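For reference, the chains in residue letters:
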Amino acid sequence: MGKAGEMSDEMSEQTSAATYQRDGRIATITYNRPEALNAVNGAMRQALDAAWTEFREDDEAWVAIVTGAGRAFCAGADLRDPAGSTGTWPGSFWEWPTITTFESGMEIWKPTIAAVNGPCIGYGLTAVLACDFVLASDRASFAYPEVRLGQATIVGALRLPDHVAIPDALELLLTGDPIDAERAGEIGLAWRVHPHEELLDAARGLGERLCQGAPLAVRATNEMVRRGRRMDWTDAVRMGETMRRVVGQSEDSAEGVRAWAEERDPRWKAR
């Protein structure tokens, strides 16, 4: 897919197992195999990776919403194509790369919003946990069923305790039982639960709010929230102060001060 500067208009879309569409500053990435409840097969894995790369590299996209087509968010890996759902790369077993997808740790510091519109299972839940905000439809459900298939959950096991208490994480991970949207809200897995018909409007409204801040400042702050929690305090502060000074030299930083002095809305350029 081409970069934003090569687009003929504001909106681009890859018609495939996952789509990327931008409307203004907000991109929407959609799991798009509704006939298979958006289970991830090889085609979808490639399309998802392309969509997230497009968002990361699209200078005109400042926020992403990820959701599912049809009645599911994502049913996890397609067991008819388990290797393809993970992705394929050249190399030996030990040289197999692991941080290659959004779920597994692709670094994107632009804000991301999960709009969970239905069942959210396995890979789908891990992608949700990688997002900055989780909005759920009242029809949503969440599950990690891998142990019931004789498989271990790895990236989800690393991410889930950042969102919920350890016993709540273990209940999902070790029993394989699903929870509904209400329970997800109670334990903090879902930040907000909305009536199904209002979900995407709520996600869009949040996205517009996130576009009000200077995009470089938003990304630097988001990175410090995520990365700083796993760093030594002094190292985290030193890194953060360096990032603050770099952002302070941007055109947007000067624009923010001018706009405040002139009592007008700033015109951000992301540079």
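As the structure is a prediction and not an experimental result, all values here were calculated from the model.

Here we come to the overall build of the protein chain. Of regular secondary structure, the protein chain possesses 10 helices and 9 strands. The 271 residues of the protein chain split such that 44% are buried. In the protein chain, the share of contacts with a sequence separation of at least 24, taken over all contacts with a separation of at least 6, comes to 65%. Surface summary for the protein chain: the accessible area is close to 14400 Å², and the carbon and sulfur share equals 53%.

A cluster of nonpolar side chains, contributed by Ile166, Leu170 and Leu174, occupies part of the molecular surface with about 300 Å² of accessible area. For Leu174, a relative accessible area of 60% puts it in the exposed group.

Taken together, the 3 strands give an open sheet; going across it, the order is β5-β7-β8, and neighbouring strands pair in mixed fashion. The strands lining the two open edges of the sheet, one partner per strand, are β5 (119–121) and β8 (179–180). Direction of pairing for strand β7 (residues 141–143) relative to β8: antiparallel, over a ladder of 2 bridges. By the bridge assignment, Ser141 is partnered in β8 with Asp180.

Okay, the pattern of salt bridges next. Applying the stated criterion across every chain, the model contains 23 salt bridges. A salt bridge links Asp78 to Arg80; its shortest N-O distance comes to 3.2 Å. Using a relative accessible area of 72% as the deciding quantity, one classes Arg80 as exposed. Between Asp168 and Arg183 there is a salt bridge, with the nearest N and O atoms lying 3.2 Å from each other. You can see Asp168 sitting in helix α5 (residues 166–175) and its partner Arg183 sitting in helix α6 (residues 181–187), a full 15 residues away along the chain. The class for Asp168 is buried, based on a relative accessible area of 18%.

Let us look at the confidence of the model for the protein chain. When pLDDT is averaged along the protein chain, the result is 90; 89% of the residues meet or exceed 70. Low pLDDT, under 50, characterises residues 1–15; the predicted model gives this stretch 34 contacts beyond four residues in sequence or across chains.

With that settled, the discussion passes to helix α8 (residues 215–228). The end-to-end C-alpha separation of α8 is 19 Å, in line with the 20 Å expected for 14 residues at 1.5 Å each. Those residues of α8 that fall on the buried side of the exposure criterion are Pro215, Arg219, Ala220, Asn222, Glu223 and Gly228. Looking at the buried side of α8, the elements it contacts are α9 (233–248) and α10 (251–262).

Before going further, it helps to spend a moment on the pairing of strand β4 (residues 112–116). Within β4, 5 of the 5 residues are buried, leaving the element largely enclosed by the surrounding structure. Of the strand pairs in this sheet, strand β3 (residues 63–68) and β4 are connected by 3 bridges, and their pairing is parallel. Each bridged residue has a counterpart across the sheet, and for Ile65 the counterpart in β4 is Ile113. Where β4 and strand β6 (residues 133–137) come together, 4 bridges link them in parallel fashion. Bridge pairing in β6 places Ala114 opposite Val134.

Bringing the sheet that holds β3 into the picture now. With mixed pairing, 6 strands are arranged side by side in an open sheet as β1-β2-β3-β4-β6-β9. Among the strands making up the open sheet, the edge pair consists of β1 (18–23) and β9 (192–194). For this sheet, the mean angle separating the axes of adjacent strands, direction not counted, is 20 degrees. Most of the contacts of helix α3 (residues 123–130) go to β4, to which it runs at about 140 degrees, and overall it touches β2 (26–31), β4 and β6.

Taken as a whole and judged by the stated rule, the model has 4 aromatic pairs. Geometrically, the ring pair formed by Tyr31 and Phe73 is tilted, given 5.2 Å between the ring centres and 50 degrees between the ring planes. Remark: Phe73 occurs in the loop between β3 and α2 (82–86) and Tyr31 occurs in strand β2; sequence separation between them is 42 residues. Exposure remark for Phe73: the relative accessible area of 0% places this residue in the buried category. On the basis of an interplanar angle of 10 degrees and a centroid distance of 3.8 Å, the ring pair of Trp52 and Phe102 is categorised as stacked. Note that Trp52 is positioned in helix α1 (residues 42–57) and Phe102 in the loop between α2 and β4, a separation of 50 residues in sequence. Taken as a pair, Trp52 and Phe102 share a single burial class, namely buried.

Criteria and cut-off values
Residues numbered from 1 in each chain as written. Predicted model: local features only at pLDDT ≥ 70, side-chain atom pairs only at ≥ 80, totals over all residues. Heavy atoms only, no water. Helix = DSSP H or I, 4+ residues; strand = E, 2+ residues; numbered from the N terminus. Buried < 20%, exposed > 50% of the residue type's maximum accessible area, 1.4 Å probe, protein only. Contact = heavy atoms within 4.5 Å. Areas by Shrake-Rupley, 256 points an atom, 1.4 Å probe, with all protein chains shown as cover. Patch = residues over 30% accessible without salt bridge, like charges linked within 9 Å, V, L, I, M, F, W, Y side chains within 5 Å. Salt bridge = Lys/Arg side-chain N within 4 Å of Asp/Glu carboxyl O. Pairing = 2+ DSSP bridges. pLDDT = per-residue confidence, 0-100. Expected span 1.5 Å × (residues − 1). Axes fitted to C-alpha atoms, helices over the stretch in contact; angles between N-to-C directions. Phe/Tyr/Trp six-rings, centres within 6.5 Å; stacked < 30°, edge-to-face > 60°.

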